[in-house]
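Topology and contacts: notes
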Amino acid sequence: MSYRHSMICHTDGIRPLAPAKWRGLDGLMSVYWDAEGQAGANAYYLSPDPRIVIFFNDVSPHIRMANRESGFGQHDRPMTRAVYVPAGVPLWTKFTSWHHFSHLDLHLHKDRLLRFLTPSVGSSVARSALRRPVEIQDVGPIDTLAGLLVDEVANPSRHAAYAESLVGGIATALLDLPQDTGEQANSRLTQAQLNRLVSRLHARGDDRMSVAEMAATVGLSESWFATVFKQTTGKTPLQWQLSRRIELAQALLVEGDLSLADIAAQLGFSDQAHLTKAFRQTVGETPAAWRRMQLMI
């Protein structure tokens, strides 16, 4: 995904001390700045995509931030070492004293961040997390990851996947993501979630979906979905899909005049032999033998 960030930025009294170091990656842009701000310096930022800022020194005694221009003096707060700014959230900053600082800016396309988070936490949890701002002073391992990323941005020496994985580590360490708990051990899908799955399968025509698509449909991570699904149905997602396709094949065998090859093609089997093998494993008879038995009843 080629990506150019389009952040609106106005600064006054802030100047870079060296050219910015930047690197464009898949759906994101990493920029490292070394700069200084005079007392009274100020800035305004607004981006249509999420943004992460990580400072490499403590700026809290020198910079205040607010989410509205009139907030200083009433709703401002110290700038922290790491900040996550959701898409579309404005940010104003003001220097209370001169300060030399360096920081890493990560501009992330919101779809890219969703694509990264969804397999682990599910689409609904990911979307919710991306709407919540985060401001932390104790950056812990984020500082280490950010330092490694700056080194790679300044002097690329590895495949882009390395830098992208560092960005992913920073995002997951910083964002407000729920932790797995032991209470999940006996969780089950709700009837509404099962209904959404069935409806989505019907809409596909061949009753075939990947596990990732099924998980996204109900807003769960792929690994957690597979666990909860089996606890709910007694089958893996793919076993459940296969049983549904065989049920459709049975209906078509009895109610229609399609050939076995046509039924196999309609339901997404590779050929007639594939359908026959799956049918016999599930039903215990070949499709032809099962249809003869049904016609005799």
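Please read all numbers here as calculations on a predicted model, not as lab measurements.

This paragraph deals with the confidence of the model for the protein chain. Counting all residues, the mean pLDDT for the protein chain is 87, and 94% of those residues have values of 70 or more. Confidence drops under pLDDT 50 across residues 181-185; counting only partners more than four residues distant or on other chains, this segment forms 4 contacts.

Residue placement: R51 occurs in strand 4 (residues 51-55). R51 has contacts with M7, Y45, V83, Y84, V85, L91, D105, L106, H107 and L108, leaving out every residue within four places of it along the chain.

Another point: helix 6 (residues 211-218). Among the residues making up helix 6, those that are buried are V211, M214, A215, T217 and V218. Looking straight down helix 6, one finds that the buried residues subtend no more than 155° of arc, so they occupy a single side. One or two steps after helix 6, the chain reaches G219, where phi turns positive at roughly 75°.

Taking 1.5 Å as the rise per residue, helix 10 (residues 272-283) with 12 residues should run 16 Å; its terminal C-alpha atoms sit 16 Å apart, in good agreement. Taken together, the buried positions of helix 10 are occupied by L275, T276, A278 and F279. In this structure, the buried side of helix 10 is in contact with helix 8 (237-255), helix 9 (260-266) and helix 11 (287-296). G284 lies just past helix 10 and shows a positive phi near 95°.

What follows deals with the pattern of salt bridges. Enumeration according to the criterion identifies 12 salt bridges in this entry. R112 is the salt-bridge partner of D26, the closest N and O atoms lying 3.3 Å from each other. Remark: R112 occurs in helix 1 (residues 110-121) and D26 occurs in the loop between strand 2 (21-25) and strand 3 (28-46); sequence separation between them is 86 residues. Across the pair R51 and D105 runs a salt bridge, and its minimum N-O distance is 3.8 Å. Here the residue R51 occupies a position in strand 4, and D105 occupies one in strand 9 (residues 99-108), the gap between them amounting to 54 residues. With respect to burial, R51 and D105 carry one shared label: buried. When salt bridges that share partners are traced, they join D26, R112, R115 and E164 into one network.

Once that is clear, we can look at the side chain of E36. Mapped onto the elements of the fold, E36 is located in strand 3. E36 sits in the buried class, given a relative accessible area of 10%. Separated by 3.1 Å, the side chains of E36 and W98 make a polar contact. With residues near it in sequence (within four places) discarded, E36 still touches G13, I14, R15, L17, W98, H99, H100 and F101.

Parameters and conventions
- Residues numbered from 1 in each chain as written.
- Predicted model: local features only at pLDDT ≥ 70, side-chain atom pairs only at ≥ 80, totals over all residues.
- Heavy atoms only, no water.
- pLDDT = per-residue confidence, 0-100.
- Contact = heavy atoms within 4.5 Å.
- Helix = DSSP H or I, 4+ residues; strand = E, 2+ residues; numbered from the N terminus.
- Buried < 20%, exposed > 50% of the residue type's maximum accessible area, 1.4 Å probe, protein only.
- Arc of directions from axis to C-beta.
- Expected span 1.5 Å × (residues − 1).
- Salt bridge = Lys/Arg side-chain N within 4 Å of Asp/Glu carboxyl O.
- Polar contact = N/O pair within 3.5 Å; in protein donor to acceptor, adjacent residues only side chain to side chain.

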